[in-house]
Amino acid sequence: MKRDLTCVACPLGCPITVEYTDTEIISVTGNTCKRGEAYAKTEITNPTRSLTSSVKVCGGVLPVVPVKSDKPVPKDMLFDCMKEINSVCVKAPVKIGQVIIENILGTGANIVATNND
Amino acid sequence: MLNYDLVVVGGGPAGMAAALKARECGIESIIVLERAETLGGILEQCIHTGFGLHYFGEELSGPEYAAKFIAQIEKTDIVVKTDTMVLDISDNNLVTAVNKNDGLLKIQAKAIVLAMGCRERPRGALEIAGTRASGIMTAGTAQKYVNLDGYMPGKKVVILGSGDIGLIMARRMTLEGAEVKVVCELMPYSGGLTRNIVQCLDDFGIPLRLSTTVVETHGKERLEGVTIAKVDENLQPIDSTREYIECDTLMLSVGLIPENELTKNVGIGIDRITSGAVVDEMRQTDHKGIFACGNVLHVHDLVDYVTLEAQLAGKGAADYILGNSDENPCYVNGTTGNGVRYLVPQRVNINNKDDVKIYFRVGRVFKNAKVVLEVDGNVISSKKKVKLAPGEMENVVIPAAVLSSMTADSSIVVRVEE
């Protein structure tokens, strides 16, 4: 299989092509540094993303409070995590850093508040 | 009438950092006037991460970055008035403001820091044909609706402009269940960070159409669709490429303008390229005792640089109040050379004893180029850059030793060498 990526390791944005099978990466081309190669390999084997959103607040001043995953979650689980986040209503007062959802969908990441309510 | 040594107009990242620095430099009597109901400025609605990597060495969301400064302000007795709108600044530093509790406020200041931030270019600036249907808004307005007010402004979205706010909102709307149909960019390149194009558009299969613009909006009560078209090399729409796209929301991310009405009323000189005040290395304007910093001075790429700039303005204002500033400055104006659009600060007091960092932006994308600083025709520094893009701020440093060798007739040139 073959996939074209744009590297985000630095502002240069090299176009990278990765050739791979189900079990191994055959080649990485187009990158101009080692960080590009590492980025491409991770993108194929285990792509993750930080997730930020907001959660409903009951009884607070503001209707919602912003949240983030305290570590990146698998990219293909972003929408499932959003479903969980949107099903929660947290009671005011909310403090910055407060854990809103522990270990969301078994990813090992907590969803934490990023502002005070 | 109230009397304060320092009045700070705006309680966003720039205003807070300037006030805190002035306090650190020994200024007792400081008041911060903020138009919104809370401190924090635009950071409060920027709930994505990516802030603070340079200044704090960690990746924070906007509210987290702001909270660090709000907590510091709360530990001091710096007076903060929120929900307070500054109406006028007179040329003897009398500030007129208004709020619900105090009514009309007159505040006499020894020094003033302007930190009002910037405003998005609105629809009116684009001259798009069509009706005034609802559903057409700036990306920042949509960001406020979703992230602060907690509701979705639409379901099918077209975004015009590929600045970072537009890209961030493309992802945000998608995650919340909207369909973002396309992002159109007038220029042949995006003004946003590569990282944002990959993680906000590519990740979700949202197409980015370069050299494309919105030429017409459709719908009477609510937006029903837009017509987009490719543009030629003169940025004029090509009729044969017109294409109708059904949507209920059009978001505009087409540039930011420093909010300088107050500045202009004082009669302070404005740089035509940055749309902000002309300042020296301490961010003092051509009106003694009035300083400017943050996005009201020039639109920044990263808030970390806003903080650093505001600290300079805070120190400059403190020095001015304490009578420690240079009574007879000797200014040399900087000149933009090849590829450089503007310089901030625009002028440098050569009596300054510290290194001076000059920020600038380039006018187009350069690859494998050099950034060159020349003083009196001599190359002071020449730095290789794999890539220079208009979306990112660059800087050069004039070392203190070079400054001390300069005279009133000296020249400073920053240019890009290909």
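What you see is a predicted model; the values in this text were computed from it and never measured. (Residues numbered from 1 in each chain as written. Chains lettered and ligands numbered in written order. Predicted model: local features only at pLDDT ≥ 70, side-chain atom pairs only at ≥ 80, totals over all residues. Heavy atoms only, no water.)

Description of the domain arrangement of chain A
Let me state the cut-off plainly: In this entry, domain limits derive from an automatic or database-based domain assignment.
Each assigned domain of chain A is listed with its residue range as follows: domain 1 (2-46) and domain 2 (52-113). Using C-alpha coordinates to define each centre, domain 1 of chain A is positioned 31 Å away from domain 2 of chain A.

Side note on empty space enclosed by the protein
All names here are of chain B. Definition in use: Of the two site types, the cavity is a set of points on a 1 Å grid over the protein atoms alone where a 1.4 Å probe fits but cannot get out, and the pocket is an open set with protein on both sides within 12 Å along at least five of seven lines, each lined by residues with an atom within 4 Å of a point. Grid points are joined across faces, edges and corners, and a volume is the space filled by probe spheres set on the points. Helix and strand assignments come from DSSP, with helices taken as H or I runs of at least 4 residues and strands as E runs of at least 2, each series counted from the N terminus. When residue character is reported, Ala, Val, Leu, Ile, Met, Phe, Trp, Tyr, Cys and Pro are called nonpolar, Asp, Glu, Lys and Arg charged, and the others, Gly included, polar.
Inspection of every chain in the model, using the stated rule, returns one cavity of 30 Å³ or more. The computed volume of the largest cavity comes to approximately 70 Å³. Elements represented by at least two residues in the lining of the largest cavity include exactly α3 (139-149) and α4 (164-175). If one sorts the elements of the lining of the largest cavity by residue count, α4 sits on top with five residues. Residues of the lining of the largest cavity, tallied by class, amount to four nonpolar, four polar and two charged.

Regarding helix α2 (residues 78-86) of chain A
Selection criterion: Burial classes: relative accessible area under 20% of the type maximum marks a residue as buried, over 50% as exposed, and values in between as partly exposed (1.4 Å probe, protein chains only). Here the arc refers to the directions that run from the helix axis out to each C-beta atom.
Those residues of α2(A) that fall on the buried side of the exposure criterion are A:Leu78, A:Cys81, A:Met82 and A:Ile85. Looking straight down α2(A), one finds its buried side chains confined to an arc of 105°; they lie on one side.

Structural notes on the domain arrangement of chain B
Residues and elements named next belong to chain B. To be explicit about the condition: By definition, residues are in contact when any of their heavy atoms lie within 4.5 Å. For any pair of parts, buried area is found by adding up, for both, the accessible area (1.4 Å probe) each one loses once the two are put together. In the sections that follow, a salt bridge refers to a side-chain nitrogen of Lys or Arg positioned within 4 Å of a carboxyl oxygen of Asp or Glu. Side-chain atoms alone can form a polar contact between residues adjacent in sequence; in general such a contact is a pair of N or O atoms within 3.5 Å, and within protein one must be able to donate a hydrogen while the other accepts it.
Examined at the domain level, chain B breaks down into domain 1 (1-120 + 256-325), domain 2 (122-254) and domain 3 (329-418). Taken over C-alpha atoms, the centre of domain 1 sits 26 Å from the centre of domain 3. Listed by partner, the interface residues are 20 residues for domain 1 and 17 residues for domain 3. For the pair domain 1 and domain 3, the summed buried area comes to about 1500 Å², and 54% of that belongs to carbon and sulfur atoms. Ranking the residues of domain 1 by area buried against domain 3 places Ile 273, Glu 281 and Asp 301 at the top, with a combined share of 34%. For the pair domain 1 and domain 3, the number of links is zero salt bridges. Taken together, domain 1 and domain 3 are joined by 10 residue pairs in polar contact (both at pLDDT 80 or more). Class assignment for the residues of the side of domain 1 that touches domain 3 results in eight nonpolar, five polar and seven charged.

Things to note about the layout of surface pockets
All names here are of chain B. Of the pockets and cavities examined, the second largest pocket occupies roughly 850 Å³. Together, 35 residues line the second largest pocket, and Glu 281, Met 282, Gly 316, Asp 319 and Asn 352 are the ones closest to its centre. Among the secondary structure elements, those contributing two or more residues to the lining of the second largest pocket are α7 (303-321), β23 (347-349) and β24 (356-362). The dominant element in the lining of the second largest pocket, judged by the number of residues it contributes, is α7, at eight residues. Of the residues contributing to the lining of the second largest pocket, the split by class is 10 nonpolar, 10 polar and 15 charged. Both domain 1 (1-120 + 256-325) and domain 3 (329-418) contribute no fewer than three residues apiece to the lining of the second largest pocket.

Quick notes on the environment of B:Arg195
Tracing the sequence through the fold places B:Arg195 in helix α5 (residues 194-201). Sequence-wise, B:Arg195 and B:Asp164 are 31 residues apart; in three dimensions their C-alpha atoms are separated by 9.9 Å. Not counting residues within four places of it along the chain, the set of residues in contact with B:Arg195 comprises A:Val8 and B:Glu59.

Brief notes about the interface of chain A and chain B
Listed per partner, the contact involves 25 residues of chain A and 28 residues of chain B. At the boundary of chain A with chain B, total buried surface from both sides reaches about 2200 Å², with 58% on carbon and sulfur atoms. Considering only the surface of chain A that becomes buried against chain B, A:Val8, A:Leu12 and A:Thr52 emerge as the three largest contributors, covering 22% of it. At the junction of chain A and chain B, the tally comes to three salt bridges. We note a salt bridge from A:Lys68 to B:Glu64, for which the minimum N-O separation is 3.1 Å. The tally of links from chain A across to chain B stands at eight residue pairs in polar contact (both at pLDDT 80 or more). The set of elements that each furnish at least two residues to the side of chain A that touches chain B consists of β5 (52-58), β6 (64-69) and α2 of chain A.

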